[in-house]
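This is what each chain is made of:
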Amino acid sequence: MIAANNEPATINVGSQRPFIQVSRALPTDNTARDQVVQYKDVGTKLTVLPTISPDGYVGLEVSQEVNDATSEVAFDAPVISTRSVQTTLLIKDGETVALGGLTDTQRDVNQGGVPVLSSIPLLGGLFGHASRQTTETELYLFLMPHVITTDADADSLTAPLKAKADKVKP
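Note that the coordinates shown come from a computational prediction; the quantities given were computed from them, not determined experimentally.

Q: Honestly, the overall build of the protein in this entry has me stumped. Any pointers?
A: Looking only at helices and strands, one finds 1 helix and 6 strands in the protein. When its helices and strands are written in sequence order, the protein yields β-β-β-β-β-β-α. The buried share among the 170 residues of the protein stands at 17%. Partitioning the intrachain contacts of the protein with sequence separation of at least 6 by distance along the chain shows that 53% fall at a separation of at least 24. Carbon and sulfur atoms make up 54% of the accessible area of the protein, which amounts to about 12600 Å² in all.

Q: Explain the side chain of N67 to me, please; I cannot follow it from the model alone.
A: Along the chain, N67 falls in strand β3 (residues 57-74). For N67, a relative accessible area of 9% translates into the label buried. Within the structure, N67 has its side chain in polar contact with the side chain of E65 (distance 2.8 Å). Other than its neighbours up to four places away in sequence, N67 contacts D41, V42, G43, I80, S81 and T82.

Q: Before we go on, may I ask you to explain the nonpolar core in this structure?
A: Within soluble globular proteins, side chains that are nonpolar generally end up buried alongside one another. L46, V48, V58, L60, V62, L89, I91, L141 and L143 together form the largest nonpolar core, which totals 9 residues. Elements that contribute at least two residues to this core include exactly β2 (33-52), β3, β4 (77-92) and β6 (128-143). Among the elements that take part in this core, β3 stands out by supplying 3 residues, more than any other. Excluding anything up to four places from it in sequence, V48 contacts M1, E7, P8, A9, L60 and E61.

About the thresholds
Residues numbered from 1 in each chain as written. Predicted model: local features only at pLDDT ≥ 70, side-chain atom pairs only at ≥ 80, totals over all residues. Heavy atoms only, no water. Helix = DSSP H or I, 4+ residues; strand = E, 2+ residues; numbered from the N terminus. Buried < 20%, exposed > 50% of the residue type's maximum accessible area, 1.4 Å probe, protein only. Contact = heavy atoms within 4.5 Å. Areas by Shrake-Rupley, 256 points an atom, 1.4 Å probe, with all protein chains shown as cover. Polar contact = N/O pair within 3.5 Å; in protein donor to acceptor, adjacent residues only side chain to side chain. Core = buried A, V, L, I, M, F, W, Y, C linked by side-chain atoms within 4.5 Å.

Encoded structure:
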């Protein structure tokens, strides 16, 4: 991410999850339903505000947020898990700092089978199935500021990214 001195820069990688905010039956002959759909952003968002000092240090205000829709549902909408970190730090140009890690564990249990038969006590296991899944994610945040003073600095920092992007193009 490239940011100007004293100007915030944000990168957001994710999507929007729809959920029904309001649902009501309209008093008409065909019993139509009226629904209001709202969207919630999920994904990873990183915001950095750099301040460059003349002695070769960079002050950074950093905010990172990770939102994810879980399999848990409340009020007919998915529960959104949020992990975030906010900090202000001072680091030398070209040095790397590890801000920390954001971990999350999700456990999902899915049951299915033949309707009615799978819910019979003791015998239901013969007509149904259950699956359990645990998903653990860890996200570590490392930052390395580089002060760009010339066009050559900008080219040397962006060239590796351009090379990777060229490999992705069809």
